[in-house]
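Notes for the structure review
Each chain is listed here by its residues.
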Amino acid sequence: MPGESGVAKKGSNVVEIAVSGRVTDATTNDPLVGCTVVLKGTQRGTNTDANGNYTLTVPDAGAVLVFGYIGYEKQEVPVNGRSTINVQLNTEASNLSQVVVIGYGSATKKDMTGAVKSLKPADFNQGIINSPEQLLQGKVAGVNVVSASGEPGANQNISIRGPGGVRTGSTPLFVLDGMALDNSSTGGAINPLNFLNPQDIESIDVLKDASATAIYGSRGANGVILITTKKGKAGVSTFNYNGSLGISTLARALPVFTADEFRQQVTALGGVLEDRGANTDWQREVTRTAYTQNHNLSFGGGADKLTYYGSVGIQKQQGILKNSDLDRYTGRINVSQKFLEDRLSLDLNLNATYTQNQRPPIQSLVGGAISANPTFPAYDDKGEPFQYQGGTNPLIPLKLEKDITTINRVIANISPSFKITKDLVYKLNIGVDNSSSVRDIQSLSNAVPQQDGRLETYNTYNRNTLVENYFTYTLTRNKSNLTALLGHSYQKIFVQGRNTSINKFPLGSIEPIYNPGIGQELTLVNNRPGGYALENELQSFFSRINYQYNDKYLLTATVRADGSSKFGANNKYGIFPSISAGWRLSEEEFLKSGPFTDLKLRAGWGQTGNQEIPSKITQALFTSQVSSTTSYPLSPDGPYPAGTSYSRLANPNIQWEVSTQTDIGLDFALFNGALSGTVDYFNKVSNNILLEVIPADPVQPAGTFWTNVPDMNITNRGVEFELNYRYTTTNGFRFDLGGNMTFIHNRVENSPYTVIPSGAASGSGLTSATINGYINNQPIGTFFLKEFTGFDENGISTFRDVDGDGIITDKDRVPIGSALPTRQYNINSSVAYKGFDLVVNFNGVAGNKVYDNTANASFYKLRLSKGLNTTPEAIAFPEESVNNSAPVSSRYLKDGAFFRLNNLSLGYNLNTKSLGINRWISGIRVSVTGQNLFVITNYDGYDPEVNTDRTVNGILSYGIDYLSYPKARNLIFGLNFTF
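Our subject in this report is the structure included herewith. If you're wondering where the values come from, they're calculated on a predicted model, not measured in any experiment.

A general feature of soluble globular proteins is that nonpolar side chains tend to end up buried together. Within the largest apolar cluster, 53 residues are counted, with the highest numbers of intra-cluster contacts made by Val166, Trp282, Ile771, Tyr774 and Tyr851. Those elements that provide at least two residues to this core are α4 (282-286), α5 (362-371), α6 (395-400), β34 (689-693), β39 (770-774), β40 (782-785) and α8 (853-858). Of the residues forming this core, the biggest block, 5 residues, is contributed by α5. Residue contacts for Trp282: discarding those within four places in its chain leaves Ala369, Ala372, Asn373, Pro374, Phe376, Pro377, Ala378, Tyr388, Asn393, Pro394 and Leu395. Formed by 24 residues, the second largest nonpolar core is a distinct cluster that contains Val143, Val145, Ile160 and Ile201.

This next bit is on unusual backbone geometry. Despite not being glycine, Asn80 shows a phi value in the positive range, around 50 degrees. Its place among the elements puts Asn80 in the loop between β6 (75-78) and β7 (87-89). One non-glycine residue, Asn672, adopts positive backbone phi at about 60 degrees. Among the structural elements, Asn672 can be located in the loop between β32 (657-670) and β33 (675-687).

Note that Asn843 resides in strand β45 (residues 836-846). Judged by relative accessible area, Asn843 falls into the buried class, the value being 6%. Side-chain polar atoms of Asn843 contact the side chain of Asn902, separated by 3.5 Å. Residue contacts for Asn843: discarding those within four places in its chain leaves Gln137, Gly138, Tyr825, Asn826, Phe898, Phe899, Arg900 and Asn902.

Should the charged atoms of two oppositely charged side chains come close, the side chains can pair. A full pass over the atoms with the stated rule returns 45 salt bridges. Among the salt bridges present, the one from Lys552 reaches Glu588, with a minimum N-O distance of 3.5 Å. With Lys552 in the loop between β26 (530-549) and β27 (553-564) and Glu588 in the loop between β28 (573-584) and α7 (589-592), this pair connects stretches of sequence that are 36 residues apart. Overall, the relative accessible area of 13% leaves Lys552 in the buried class. Measuring nitrogen to oxygen at the nearest pair gives 3.1 Å for the salt bridge that ties Lys894 to Glu873.

In terms of strand pairing, strand β37 (residues 734-749) meets strand β44 (residues 823-833) through 10 bridges, oriented antiparallel. Opposite Asp736, over in β44, you have Ser830 as the bridge partner.

Moving on to the sheet that holds strand β46 (residues 849-852). Taken in spatial order, the 3 strands of this open sheet run β47-β46-β50, and their pairing is mixed. Looking along the sheet, the strands with just one partner apiece sit at the ends: β47 (893-895) and β50 (960-961). Across 3 bridges, β46 lies against β47 in antiparallel orientation. Residue pairing in the sheet places Val850 in a bridge with Lys894 of β47.

A separate point is the environment of Gly235. Along the chain, Gly235 turns up in the loop between β16 (224-229) and β17 (238-250). C-alpha separation for the pair Gly235 and Thr48, spaced 187 residues apart in sequence, amounts to 7.4 Å.

On to the packing of aromatic side chains. Aromatic ring pairs are reported here in terms of the distance separating the ring centres and the angle at which the planes meet. Tallying each qualifying case throughout the model produces 24 aromatic pairs. An angle of 40 degrees between the planes, with centres 6.0 Å apart, marks the rings of Tyr329 and Tyr354 as tilted. Taken as a pair, Tyr329 in strand β20 (residues 325-339) and Tyr354 in strand β21 (residues 344-359) lie far apart in primary sequence, 25 residues in all. For Tyr354, a relative accessible area of 30% translates into the label partly exposed. Members of the aromatic cluster, connected to one another through ring pairs, are Tyr104, Tyr216, Tyr470 and Phe542. The positively charged end of Arg900 is found above the aromatic ring belonging to Phe898, 4.9 Å away from the centroid.

Rules of the game
Residues numbered from 1 in each chain as written. Predicted model: local features only at pLDDT ≥ 70, side-chain atom pairs only at ≥ 80, totals over all residues. Heavy atoms only, no water. Core = buried A, V, L, I, M, F, W, Y, C linked by side-chain atoms within 4.5 Å. Buried < 20%, exposed > 50% of the residue type's maximum accessible area, 1.4 Å probe, protein only. Helix = DSSP H or I, 4+ residues; strand = E, 2+ residues; numbered from the N terminus. Contact = heavy atoms within 4.5 Å. Polar contact = N/O pair within 3.5 Å; in protein donor to acceptor, adjacent residues only side chain to side chain. Salt bridge = Lys/Arg side-chain N within 4 Å of Asp/Glu carboxyl O. Pairing = 2+ DSSP bridges. Phe/Tyr/Trp six-rings, centres within 6.5 Å; stacked < 30°, edge-to-face > 60°. Lys NZ or Arg CZ within 6 Å of the ring centre and 35° of its normal.

By themselves, these figures tell us nothing about what the structure is for.
Here it is, written out as structure tokens:
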């Protein structure tokens, strides 16, 4: 058992022998930490420590030790009277024994029949990381992660094999240690997944096709991401400190005119130049060199019956825009305990997080910085922001505006499992995810520019509870292996929000956020309190069968029945089946002597659902508001009488969107696993599309209603490639080169509308103009624009007259490209020798467009002539009139392709033994990491990887850039101690 003393013990007839030694990687000679060492035929065993060392007593000289480590070939070694046994383990070909979490269980990689990708900490992206999506960006074929903003803690847009809904989004289901998370916001404008400390993550498993995700039924249409946190290991006690300091600077400033250039260009246009003699770089004034501190302490260990892991973490991140900060404090404890001769196991996971996020007024700050007159000074003689009667100083909003959100979130689940028989296990999983947040949006009163001051407060409460019961049965007979799963799940989600506000605060040093009582406008006319509450329930029955014959032929069948309170009384339950099969050709006699170490053919089909829609939409909604849209006049010119009327009709027939997916895949490995890869073809068709539509009959009590559009389809079809090569030598040199590529085509068919708007423009004269949407026979996010053709003889913009009626109207809009990339790719490589290692990661996309709403609203001649700054883009056409307007058109549609050096990390592991400190410190690592070091792109905005939320009626927008928070270039210095 763990904890054996290593001293020979003498009984009446038996003399035990103490055996010790070290277990290392046969290629790299690195120690294998946590390797199991077991006396064959018994339960007696131990684990190697942080240096790969072990000690174990055996009963006699003829004993046999079994060494096992995940990803390595098991080795049996006879003791033969020896007291020291050092062992070198060889890696399994293609890591076929790697354990993959698949939902309500796990399987080895070689037995998988679905499209699943597993990532370990060594695979994660490095740098300043706020949420799990950033860890896997570019790492998984078919998964597109868009860091849509450079703001600390901003939402990450993620889709697995393309978006498939109109009103339901594309965010996959996240499951943390068996706890299915609710994707709704926990308050504020930050990513709800920021609560999780990346240092606590042991693995991330991405389930891509329906044969893998159908076990999650109505929530699996967008894919499933399973996150497993770290656990302690018996016999190994560890204490670890991981710290880093990050330095962030603006990666790419917009090339607005300098003061001298501005003077020249305004004069050349015959504009009005107000020159105050300064030379101000406003982008530099509103940004800063930002610093991020990260400190994490973790400890773990255990004995035979009890293991534990605990951690505390602090991250204090400054954004590159002034007054932009994200502070996160996390604590975690994971405990596993065995009882009743190991028949009863109990797992407890507890995570607590406190997050505080401060945001500046981003759009007004960025908009002011790129438009403000560069001849104006930034500060006055007193060091205060200079106040202008005829202009705007973007530093003033920094002083007057504040947006602070604090979130407390606790996630806990307890999972006892009982081995009823040697083949049958029952497991109970009870989980709670509870969060509360307060968001204060404050505007201070001010004289110049004049504003009265205002305080808005939003309170949000989320509670997600889960109870699951399931049985797992395993049977092994001769060449057959069967695993059967049967279970029930019940989940309840409660969300509540409240808001209050108060206006008119006196000038003074007291901030309203600390004393709202000094507000002077106490009426409810502009300060009526508001609120909402909703409750959703999901009950499910699920089962899965995994069958394996002769280690060659694999079969998986899954079915889940989900009942949701979100849907109508006539369609409470939906059934989601899947089936997949695998054939390990490399185990056939006719291929065993060939070059393939592994060769497996997979095929799967399944259906999954999507229920990520607003709550209560199946129920009728009434209003007592008196207006022309909610009431009926008694006469043509008479008053609108008071009363109650419908604002939404009931629809008991609404049901899930359903995605039907087919996947055919090939996994292969050659040269003893040195070269490995996968190829997958997928075809995902989503139908029963949920949509808010206008009634066909104009005489209706409600203007719109929700329904399924049965004939409308959204198809995602594509091919994924992944290839990895590893070269190692006996002297410790290792070289890895790999990458993945996805070709994907998205298509909308049989939509009942010419265009369903999904993105609207912003800016003076542009507000609400349609930019992109859902169009028949086009991809999601297609830009629907007037086609810019140049200028007429007066220098005024001209557009293609599509319908030939001689008038340019909305009827002349045409689809011109999509925001969705048709190609996604990643290249990664690593080199290691002795204690040094170098890791590099590139990622990119192609085939997509970006609409530069920033340039559309800010960079044209008319604005420059009025004394507002622009970029050279505004004067790119000499023939353009200074009086030309800039309507929404293809003029501002740009290529969004890019190739980015996402990560470059250099590390060194010090030899603590040669330093003479290995008794106290088993490992020291220093590292330096560059993040977003360069990007190659034709796009001339802050960054091509952008997606400003320009939602129209709840329909998500794609590929629009409007005054986005700029991206940072990061340099991170790291230090790690293991005790």
